[in-house]
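# Descriptive structure summary
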Amino acid sequence: MQSNRTKHFKRAKRVVIKVGSSVLTAKTGLNIQAIQSISRQICALMDSGREVVLVSSGAIASGMKKIGLAKKPKEIPKRQAVAAVGQAGLMLEYEIAFGAFQKQVAQVLLTRDDLCDRKRYLNARNTIRTLLSWKVVPIINENDTVAIEELKFGDNDNLAAMITLLMGADILINLTDIEGLYNKDPRTNSDAELIPLVDTISRGVERLASDIPGTLGTGGMLSKIRAAKKVTKAGIPMVIAKGEKENILGALFSGEPLGTFFVPEKNKLPSRKGWIAFTLKPQGKLLIDAGAALAIVNNGKSLLPIGITDVRGDFSVGACVEFLDSNETKLGIGLVNYSAADIKKIKGLKSSEIESRLGYKAYDEVIHRDNLALTG
Ligand code: GLU
């Protein structure tokens, strides 16, 4: 398995690197040395022929220090204003650090809304591709100054996962303030052991992670595991490693077995399905019977009205909706051809009965297989 990991690093041409606030900030504000070190390492990767997209946190943490706040403000306008102050300083330091290696940087601030809209999603991809073709380093952060709570990525672990999918990257490297995923919180348990490799992100793994909170950023270990779930399901590996370790990126790429490596699933999810599954926000749920579950999961079929037993939430045509089996286990997600109100009327019916019940028939399927992704 170890050699498998090496193979992934060797082959990786396009790399997304996420650096957390805990790596980038010190007691007095931004940790300039850390920024210089990460920038130098990224330049080395670029000089070895790789493309690097950087997802950097640190705006809020550094803005707080600049304004002189000890705690993250609760009020949204203050929080957003603090991010605005911090983001400017963050980019300035990156510009200086990369400039020392004659590399240019570009600031890309995104909200979840930008990526939920397919056109804007593709537009963001084209822009980042262009920057990469110019050998400019895209430095991405959530647009904390305008993002509204319900429409946020939530944390930069999630944002980095979505950027990895957006760019069809070959690997996601998540640099944080601990070595990787442990079997217990290493900060409070001296006998905690590092888990070097995670094959499948089971409920047990998620439980382990939820006991290990973050120190500074928004995420903690659980959000890193959720990010790993997204990218590995799309066939892309992720590694969590300690950002402060000397030359960590060089060490990872030269095959040192550091951190926790999350093994990707064999089948790569097509890019559009990855967008449906992991970027869009689900608007509702459909419960389906065993026959439909089997047809979809084992035989790659579409979801027909006959297999639907219950509809939850209020959503319109084209919404992104999860479907669950009778035990309420999530099976996947897809874009619906009918609204929640109409699905309530046609659930359990044959497709040939749709028209007589609704007075129209747009499609035979409630979710067509082209618009459906299994997420487990
Ligand atoms: N976007 C936030 C910032 O730059 C960080 C969010 C996170 O830590 O996950 O401060």
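Refer to the preceding data block for the structure.
Residues numbered from 1 in each chain as written. Predicted model: local features only at pLDDT ≥ 70, side-chain atom pairs only at ≥ 80, totals over all residues. Heavy atoms only, no water.

## Digging into the overall build of the protein chain
Here is the rule: Numbered from the N terminus, helices here are DSSP runs of H or I no shorter than four residues, and strands are runs of E no shorter than two. Each radius of gyration is computed over the set of C-alpha atoms, and the globule rule expresses the reference value as 2.2 Å times the number of residues to the power 0.38. Exposed residues in this analysis have more than 50% of their type's maximum accessible area, buried residues have under 20%, and partly exposed residues fall in between, with area computed by a 1.4 Å probe over protein chains only. Contacts were defined at the residue level, with two residues in contact if any of their heavy atoms lie within 4.5 Å. Per-residue accessibility takes into account occlusion by the displayed protein chains alone, with areas from the Shrake-Rupley method and a 1.4 Å probe. Under the convention used here, Asp and Glu are negative, Lys and Arg are positive, and both His and the chain ends fall outside the count. Here the site of a charge means NZ on Lys, CZ on Arg, CG on Asp, or CD on Glu.
For the protein chain, the helix and strand inventory stands at 15 helices and 15 strands. Taking 21 Å as the expected radius of gyration for a compact globule of 376 residues, we find that the protein chain reaches 22 Å, a close match to that expectation. Across its three principal directions, the C-alpha atoms of the protein chain cover 70 × 45 × 45 Å. The buried share among the 376 residues of the protein chain stands at 53%. Across the protein chain, every contact between residues at least 6 apart in sequence was considered, and the portion connecting residues at least 24 apart equals 73%. Carbon together with sulfur atoms contributes 50% to the accessible area of the protein chain, which is approximately 17000 Å² in total. Computed over 53 positive and 39 negative side-chain charges, the separation of the two mean positions in the protein chain equals 2 Å.

## Regarding the sheet that holds strand β13 (residues 320–324)
Under the convention used in this document: Only when DSSP finds a minimum of two bridges between them are two strands counted as paired. Simply put, an axis is a line fit to the C-alpha atoms, just over the touching stretch for a helix, and the angle between two N-to-C directions goes from 0 to 180 degrees.
Strand order in the open sheet formed by five strands is β12-β11-β13-β14-β15, and the pairing between neighbours is mixed. Two strands bound the open sheet, and with one partner strand each, they are β12 (308–312) and β15 (372–374). Neighbour to neighbour, the strand axes of the sheet diverge by 25° on average, direction disregarded. Here β13 pairs with strand β14 (residues 330–335) via five bridges, running antiparallel. Residue pairing for β14: F323 is matched across the bridge by G332.

## Things to note about the pairing of strand β4 (residues 51–56)
Among the six residues of β4, five are classified as buried, and the element is accordingly described as predominantly covered. Relative to β4, strand β1 (residues 14–19) runs parallel, the two sharing six bridges. Bridge pairing in β4 links V15 to V52. Sheet topology places β4 next to strand β6 (residues 137–142); two bridges connect them, and they run parallel. Bridging from a neighbouring strand, V55 pairs with I140 of β6.

## Things to note about the pairing of strand β9 (residues 238–242)
Every other side chain in a regular strand lies on the same face of the sheet, so the side chains alternate between the two faces. In terms of burial, β9 is a largely internal element, four of the five residues being buried. Alignment of strand β7 (residues 171–176) against β9, held across five bridges, turns out to be parallel. Its bridge partner being in β9, L172 is matched across the sheet by M238. Of the pairings in the sheet, the one linking β9 to strand β10 (residues 260–262) comprises three bridges and is antiparallel in character. Paired with V239 across the strands is F261, a residue of β10.

## Points about the site of the ligand
Rule in force here: The nearness test applies per residue and asks whether one of its heavy atoms lies within 4 Å of the molecule or strand. Any pair of nitrogen or oxygen atoms within 3.5 Å is treated as a polar contact; in protein, a donor-acceptor pairing is required on top of that, and neighbouring residues in sequence qualify only through side-chain atoms on both sides. Think of it as three bins: nonpolar holds Ala, Val, Leu, Ile, Met, Phe, Trp, Tyr, Cys and Pro, charged holds Asp, Glu, Lys and Arg, and polar takes everything else, Gly as well.
By nearness alone, 11 residues border the ligand, and A59, I60, N141, D144 and N156 come closest of all. Between the ligand and the protein, one listed contact pairs an oxygen atom with a backbone N or O atom of G58 at 3.3 Å. Here an oxygen atom of the ligand and a backbone polar atom of A59 are 3.0 Å apart. The class makeup of the residues in the shell around the ligand is two nonpolar, seven polar and two charged.

## Concerning the environment of L374
Of note, L374 is situated in strand β15. When its relative accessible area of 35% is taken as the criterion, L374 is described as partly exposed. Counting along the chain gives 364 residues from L374 to K10, while the straight-line C-alpha distance between them is 29 Å. Other than its neighbours up to four places away in sequence, L374 contacts I296, V297, F323, L331 and G332.

## A few points about the side chain of E322
Among the secondary structure elements, E322 is positioned in strand β13. Looking at E322, the relative accessible area reads 14%, which means it is buried. Setting aside anything within four residues of it in sequence, one finds E322 in contact with P282, G284, K285, L286, K330, G332 and I333.

## So, the sheet that holds β4
Here we have eight strands laid out as an open sheet, ordered β5-β6-β4-β1-β7-β9-β10-β8, and mixed in their pairing. Where the open sheet ends on each side, the last strands, each with one partner, are β5 (105–110) and β8 (197–198). In the packing of helix α8 (residues 156–167) onto the sheet, contacts are made with β1, β4, β5, β6 and β7, and the angle to β1 comes to roughly 170°.

## Examining the packing of α8 against helix α10 (residues 220–233)
Definition in use: Working definition: roughly parallel below 35 degrees, roughly antiparallel above 145 degrees, roughly perpendicular at 65 to 115 degrees, and oblique for all remaining angles. Two helices crossing with the near one rotated counterclockwise from the far one by less than a right angle form a left-handed crossing, whereas a clockwise rotation gives a right-handed crossing.
Look at α8 against α10: their axes get within 8 Å of each other, and the N-to-C directions meet at 15°. As the angle between them shows, α8 and α10 are arranged roughly parallel. You can see that α8 and α10 cross each other, and the crossing is right-handed. Seen from α8, the contacting residues are D157, N158, A161, M162, T164 and L165; seen from α10, they are G220, S223, K224, A227, K230 and V231.

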